[in-house]
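# Structure assessment
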Amino acid sequence: MALLEARAVTVRFGGNVALADVDLTAEAGQVTGLIGPNGAGKTTLFNVVSGLIRPKAGRVLLDGRDVTRLGPAARARRGLGRTFQRLEIFGHLSVRDNLRVAAEFHRDGLPADGILERLGLADIADVRADSVPTGRARLVELGRALAVRPKALLLDEPASGQDEHETGRFGELLTELAADGLAVVLVEHDMRLVMEACDVVHVLDLGRLIASGPPDRIRADAAVLDAYLGAPS
């Protein structure tokens, strides 16, 4: 059984269908990619899974429990971590205190210093978060999500603002987190990161799931090439 599941999720905004009967599964110990063109519904699906949007139809299950009617805070307490497409950190706090705030939310939160070391942020632990370059600020946001000891981790375009070296290291970090037993779900436009880090990739287009499978299969899928990836080079 998958650690995180979205089953037959449908979302409508007025007369527009944002998601149509979408299924998504994420296994513990794997990095799962969610890709597609802008407007495909990726962030909307993340918002459904994390409790920010109530679907018109469908269910969300976390570790075998139906959490569809729970709010974001309750889902976080049950083991769901999240980062956002638009960088969300407490700019007036230090990097360390950003993590401490999250850890205090969880009665068994992880110590901030251990996370700082793991993410390579110890050298800027006492620096105000709003003075940290975007690439490393993305790691601060990841650290804050890790501080609540998640079972499943949703990452929405986490490589945005990172340089090539930072992105390469970030991919290695995702693999390490999955190896620790987390179910990591990644929305990302950097296809090199997706294809190298992910075990399974789901593809959305116009609110519909058009393909799912390992990266090699997704690269060669005609519908995916037509909707998003383009002709192979």
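Here the structure is a predicted model, which means the values were calculated and not measured.

Another aspect to go through is the overall build of the chain. Scanning the chain from N- to C-terminus turns up 9 helices and 10 strands. Its C-alpha atoms give the chain a radius of gyration of 17 Å, near enough to 17 Å, the size a compact globule of 233 residues would have. When its C-alpha atoms are laid out on the principal axes, the chain stretches across 50 × 45 × 35 Å. Put simply, the chain has 233 residues, and 51% of those count as buried. Taking all contacts inside the chain whose residues are at least 6 apart in sequence as the whole, residues at least 24 apart take part in 66%.

Right, let's talk about the environment of Val-184 for a bit. Its location among the elements puts Val-184 in strand β8 (residues 183-187). Apart from residues lying up to four places away in sequence, Val-184 is in contact with Gln-30, Val-31, Thr-32, Leu-153, Leu-155, Leu-174, Leu-177 and Ala-178.

Here Glu-141 lies in helix α5 (residues 134-146). Once residues lying within four places of it in the same chain are set aside, the contact partners of Glu-141 are Thr-83, Phe-84, Arg-86, Leu-87, Glu-88 and Ile-89.

With respect to the element layout, Thr-83 can be found in the loop between β6 (80-82) and α3 (95-105). The exposure class of Thr-83 is buried, given its relative accessible area of 2%. Taking the C-alpha atoms as reference, Thr-83 lies 17 Å from Glu-166; in sequence the two are 83 residues apart. Side-chain polar atoms of Thr-83 contact the backbone nitrogen of Asp-156, separated by 3.4 Å.

The next point concerns α3. Here α3 has its buried residues at Val-95, Arg-96, Asn-98, Leu-99, Ala-102 and Ala-103. The arc that holds the buried residues of α3, viewed along the axis, is 160°, so those residues lie on one side. Against the buried residues of α3 lie α4 (112-119) and α5.

Packing of α3 against α4 brings their axes to within 9 Å, and their N-to-C directions diverge by 125°. Taken together, the axis directions place α3 and α4 in an arrangement best described as oblique. The two elements α3 and α4 meet at a crossing, and its hand is right-handed. Across from Val-95, Arg-96, Leu-99 and Arg-100 in α3, the residues of α4 making contact are Ala-112, Asp-113, Ile-115 and Leu-116. When its residues are assigned to classes, the contact of α3 with α4 shows 5 nonpolar, no polar and 3 charged.

Let us look at the nonpolar core. Counting 44 residues, the largest nonpolar core has Leu-121, Leu-142, Leu-146, Leu-153, Leu-155 and Ile-218 as its most contacted members. Among the elements that make up this core, the one with the highest residue count is α5 (6 residues). Apart from the residues within four sequence positions on either side, Leu-153 is in contact with Gly-81, Arg-82, Leu-142, Ala-145, Leu-146, Leu-177, Leu-182, Ala-183, Val-184 and Val-185. The next biggest cluster of nonpolar side chains, apart from the first, holds 27 residues, and it includes Ala-18, Ala-40, Val-48 and Val-185.

A separate point is the sheet that holds strand β4 (residues 57-62). The 4 strands are arranged β2-β1-β4-β5 in an open sheet whose pairing can be described as antiparallel. Of all strands in the sheet, those with a lone pairing partner are β2 (16-26) and β5 (65-66), marking the two edges. Where β4 and β5 come together, 2 bridges link them in antiparallel fashion. Opposite Leu-61, over in β5, you have Asp-66 as the bridge partner. Sheet strands touched by helix α1 (residues 42-50): β1 (4-13), β2 and β4. Its angle to β1, the strand with the most contacts, is close to 115°.

Calculation criteria
Residues numbered from 1 in each chain as written. Predicted model: local features only at pLDDT ≥ 70, side-chain atom pairs only at ≥ 80, totals over all residues. Heavy atoms only, no water. Helix = DSSP H or I, 4+ residues; strand = E, 2+ residues; numbered from the N terminus. Rg over C-alpha atoms; globule rule 2.2 N^0.38 Å. Buried < 20%, exposed > 50% of the residue type's maximum accessible area, 1.4 Å probe, protein only. Contact = heavy atoms within 4.5 Å. Polar contact = N/O pair within 3.5 Å; in protein donor to acceptor, adjacent residues only side chain to side chain. Arc of directions from axis to C-beta. Axes fitted to C-alpha atoms, helices over the stretch in contact; angles between N-to-C directions. Parallel < 35°, antiparallel > 145°, perpendicular 65-115°, else oblique. Left-handed = near helix turned anticlockwise from the far one by under 90°. Nonpolar A, V, L, I, M, F, W, Y, C, P; charged D, E, K, R; others polar. Core = buried A, V, L, I, M, F, W, Y, C linked by side-chain atoms within 4.5 Å. Pairing = 2+ DSSP bridges.

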